[in-house]
Amino acid sequence: MSDTAPHPVPDRRGENFYTTDRELRQLLPLYLPADLLAHMTPHLARLGELAGGHLDKLASTADHHPPTLQYRSRSGLDEQRVLKHPAYVEMERLAFSEFGLGAMSHREETLGWRGKMPPAVKYALTFLFVQSEFGLCCPVSMTDSLTRTLRKFGDPELVKRYLPRLTSLDFDELAQGAMFMTEQGAGSDIATTATEARRDADGNWRLYGDKWFCSNPDAEFAMVLARPDDAPAGMKGISLFLLPRHLDDGSVNAYRIIRLKDKLGTRSMASGEIRLEGAVAYLVGEPGRGFVQMADMVNNSRLSNGVRAAGLMRRAVAEAEFVARERRAFGKPLQDMPLMRRQLDKLRVPAEQARTMVFQTAQALARSDAGEPDAYALLRILTPLIKFRACRDARKVTGDAMEVRGGCGYIEEWSDPRLLRDAHLGSIWEGTSNIVALDVIRAIKREGSLPVLRAHLAGLLDDADLAPAFTQALRGALDGASALAETAAREGGDALARQAASALYHCTSSIAMAWEASRTGSADRLRWAQLTLCHRVLPRDPLQPDDLPEAWTSGTPQSAQSLA
């Protein structure tokens, strides 16, 4: 073999995940102001370079060296510490300090930009970061979400006292956040929470009980659900508390980490079991409204789960595309073979749906925080939609992408196994698929979200230059999905929740992708929108060829017709 011949085992490490992602660079101008995008481009490029090289190596090292729990010091003191590998600590420094991912939504200056960063910036950065490291993105998200909930519901004195550390970028001073909700008998059924909150002689709240699944268990602050001893049974008896790891005098609060979990994925990040033994805590918001207030934190975390699923799928697809382009078999590149082209499309479609939903939901979050009419109702349905469907799609996409690499894809030296293991988390944390699908229906019932979603999508279609037949097909599919969702929202319709949520997700993402394609001129994006509608929504005969209808491409821009 000559020195110039390509190696038979292609290795993508060293690519810049931002500069090589044409679709991301085309989409960002649609969702960010030009001056902010110009300011952020060097930061996006730097993170893209890190994700393709140094960060990826750190993530692999941390994955193979998970955290351990130290119970006592060497001199016998009861001194619990979660011992983290230096590679994980370096990733913490990058995420929390250099890029400010946990704090940027709550600061007036981050990365040299004065003023609040819109959610789309944070999620674009997270989208890049998570392509190499998933586990740490959970503490990042919980810190961001805890800070949001504390600012929204916390007593002003409590906010003043603790907000500076939660929003600091100084690595030696900043505090991380967590949320401790799950108990052995209270997973999704929060009403059965057994953790007790009691007043001591000085009037302080103290917490007693066990929390079964606590990620980032040594975080400096955690939001905890507990039932005051004089509160009624059921959901109305649950209150929300802020639990500090250390008290004002520097001593450790009265709770212990019983053990760390041995998890399938997210091995780099510690998850443990907590025993509260009279730990001092501070009431957040109104007594008895704990779940309602915690739901704000959970919904923010659910959106983060969707973003992370989108990032995992993007990494898996990009690896598969690289292998298909660089690997030759039977005298030609894999990507030139018909079945491989088809396989890559089946990976790209759900990955690009999720990417589009990230930016659509981020935009809704920004509008909601600005107080725009109907924006909250839109956010309330888009958030569970992306959490439900994108997290489920990520499990299949990461597995099928592994197959493109072949035998090497099954080896832990490569990214594929870690992506596959981590992808299964999204469908479990912050609500399983059933719970989140039901939340889509809850948003329709309680927030009136369906008409708002329909109006939003109608506006996108009105603003898009598409073939009339394709526009008509999109409108008809949305009508059908909406009718199914309305049926699911009626008494006794719960069994249809997952089917209705999937239908709404596919129609929403297809319409939004078509709008994006019309604005950017991306022939690929238009084709993925058409494939979404054809293969994930509309009925088709499995015994017939599944080419796209010719009428969907007539009258469209030439760039769109070329790949249709």
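Owing to the predicted nature of the structure, the values given are computational and were not obtained by experimental measurement. Within each chain, residues carry numbers counting from 1 in the order of the written sequence. The predicted nature of this model means local features are confined to residues of pLDDT at least 70 and side-chain atom pairs, given and counted, to a pLDDT of 80 or more, with totals for whole chains, interfaces and linings taken over all residues. For the side-chain quantities, the full set of heavy atoms in the structure was used; hydrogens and water were omitted.

*Asks:* Looking at this structure, how should I read the UniProt feature "domain: Acyl-CoA dehydrogenase/oxidase C-terminal" (unreviewed entry) in the chain?
*Replies:* UniProt positions are given in the numbering used here, feature names are shortened, and annotations may be inferred rather than shown by experiment. As annotated by UniProt and renumbered to match this structure, "domain: Acyl-CoA dehydrogenase/oxidase C-terminal" (unreviewed entry) occupies residues 288-444. We count a stretch as a helix when DSSP gives it H or I for four or more residues in a row; a strand needs E for two or more, and each element gets its number in order from the N terminus. Here residues 288-444 is 76% helix and 3% strand, with 24 Å between the C-alpha atoms at its ends.

*Asks:* I tried to follow the side chain of Asn305 on my own but got confused; where do I start?
*Replies:* Mapping Asn305 onto the fold places it in helix H8 (residues 290-326). With a relative accessible area of 2%, Asn305 lands in the buried category. Here's how the labels work: a residue is buried when its accessible area is under 20% of the maximum for its type, exposed when over 50%, partly exposed in between, all with a 1.4 Å probe on protein chains only.

*Asks:* Quick question: what am I supposed to make of the state of the cysteines here?
*Replies:* A covalent bond between the sulfur atoms of two cysteines is what we call a disulfide. Whenever a pair of cysteine sulfur atoms sits within 2.5 Å, that pair is classed as a disulfide. Under the defined criterion, the tally for this structure stands at 0 disulfides. Of the cysteine sulfurs around Cys137, a residue in no disulfide, the closest is that of Cys138, at 9.0 Å. We classify Cys137 as buried; its relative accessible area is 3%. The thiol sulfur of Cys534 is not disulfide-bonded, and the nearest other cysteine sulfur, from Cys507, lies at 13 Å. Overall, Cys534 belongs to the buried group, its relative accessible area being 10%.

*Asks:* Would you explain helix H10 (residues 375-405) in this entry?
*Replies:* The α-helix winds at 3.6 residues per turn, so residues separated by three or four positions along the chain end up facing the same way. Along its 31 residues, H10 runs 42 Å from first to last C-alpha, staying within 8% of the 45 Å computed at 1.5 Å per residue. Counting buried positions along H10 yields 24 of 31 residues, so the element is predominantly enclosed. Looking at the residues trailing H10, positive phi occurs at Gly406, about 85 degrees. By this rule the span expected of a helix is its residue count minus one, scaled by 1.5 Å.

*Asks:* Got a minute to help me understand the pairing of strand E1 (residues 68-72) in this structure?
*Replies:* Look at any regular strand and the pattern is simple: side chains alternate between the two faces of the sheet. Taken together, the 4 bridges between E1 and strand E2 (residues 78-83) define a ladder with antiparallel strand orientation. Looking at E2, one finds that Leu69 is bridged to Val82. Two strands are counted as paired when DSSP detects at least two bridges linking them.

*Asks:* What should I look at first to understand the packing of helix H12 (residues 433-447) against helix H14 (residues 468-489) in this one?
*Replies:* Packed helix pairs are specified by the crossing angle of their axes together with the interaxial distance, meaning the distance between the axes. Interaxial angle, 0 to 180 degrees, is taken between N-to-C directions of lines fitted to C-alpha atoms, where a helix line uses only the stretch in contact. Where H12 meets H14, the axes come as close as 9 Å, and the angle between the chain directions of the two elements is 85 degrees. In terms of their interaxial angle, H12 and H14 are classed as roughly perpendicular. On H14, the residues touching Ile441, Ile444 and Lys445 of H12 are Ala485, Ala488 and Ala489. In what follows, roughly perpendicular refers to angles from 65 to 115 degrees, roughly parallel to angles under 35, roughly antiparallel to angles over 145, and oblique to any angle outside these ranges. Contact between two residues is taken to exist if any of their heavy atoms lie within 4.5 Å; hydrogens are not considered.

*Asks:* Mind showing me how you'd approach the pattern of salt bridges here?
*Replies:* In a structure, side chains of opposite charge can pair up when their charged atoms sit close to one another. When a carboxyl oxygen of Asp or Glu is within 4 Å of a side-chain nitrogen of Lys or Arg, the pair counts as a salt bridge. A full pass over the atoms with the stated rule returns 54 salt bridges. Between Lys116 and Glu108 there is a salt bridge, with its nearest N and O atoms 3.7 Å apart. The exposure class of Glu108 is exposed, given its relative accessible area of 51%. For Lys211, the salt bridge identified is with Glu183, shortest N-O distance 2.9 Å. With a gap of 28 residues between them, Lys211 in strand E7 (residues 205-215) and Glu183 in the loop between strand E5 (177-180) and strand E6 (196-199) connect regions that are remote in the sequence. We note that Lys211, like Glu183, is buried.

*Asks:* Teacher, can you tell me more about the pairing of E5 here?
*Replies:* Of the two faces of E5, the one lined by Gly177 and Met179 and the one lined by Ala178 and Phe180 are each fully buried. Bridge analysis of E5 against strand E8 (residues 221-228) gives 4 bridges, and the strand direction is parallel. Bridging across to E8, Phe180 finds its partner in Val224.

*Asks:* Hey, could you run me through the side chain of Thr508 in this one?
*Replies:* Note that Thr508 resides in helix H15 (residues 497-520). The buried category is assigned to Thr508, whose relative accessible area is 1%. With residues up to four places along the chain from it excluded, the contact list for Thr508 reads Met357, Leu382, Leu453 and Leu457.

*Asks:* Is there a simple way to explain the packing of aromatic side chains in this structure?
*Replies:* The geometry of an aromatic ring pair is captured by the separation of the ring centres together with the interplanar angle, meaning the angle of the planes. Centres within 6.5 Å are what make two rings of Phe, Tyr or Trp a pair, Trp counting through its six-membered ring; a difference in plane orientation under 30 degrees is then read as stacked, over 60 as edge-to-face, and the rest as tilted. Summed over the entire model, instances satisfying the criterion amount to 8 aromatic pairs. Ring geometry for Tyr31 versus Phe359: centroids 5.2 Å apart, planes at 20 degrees, classification stacked. Taken as a pair, Tyr31 in helix H1 (residues 22-31) and Phe359 in helix H9 (residues 338-369) lie far apart in primary sequence, 328 residues in all. A residue is classified by how much of its surface remains accessible, and Tyr31, at 9% relative accessible area, is buried. On the basis of an interplanar angle of 40 degrees and a centroid distance of 5.1 Å, the ring pair of Phe470 and Trp552 is categorised as tilted. Within this pair, whereas Phe470 is found in helix H14, its partner Trp552 is found in the loop between helix H16 (523-536) and helix H17 (558-561), the two being separated by 82 residues in sequence. As far as the burial class goes, Phe470 and Trp552 line up, both buried. Members of the aromatic cluster, connected to one another through ring pairs, are Tyr31, Phe359 and Trp515. Here, a charge over a ring means that NZ of Lys or CZ of Arg falls within 6 Å of the ring centre while also lying within 35 degrees of the ring normal. Against the face of Trp212 rests Lys261, its NZ or CZ located 3.6 Å from the ring centre. Above the face of the Phe388 ring, Arg389 is positioned so that its terminal group lies 5.6 Å from the ring centre.

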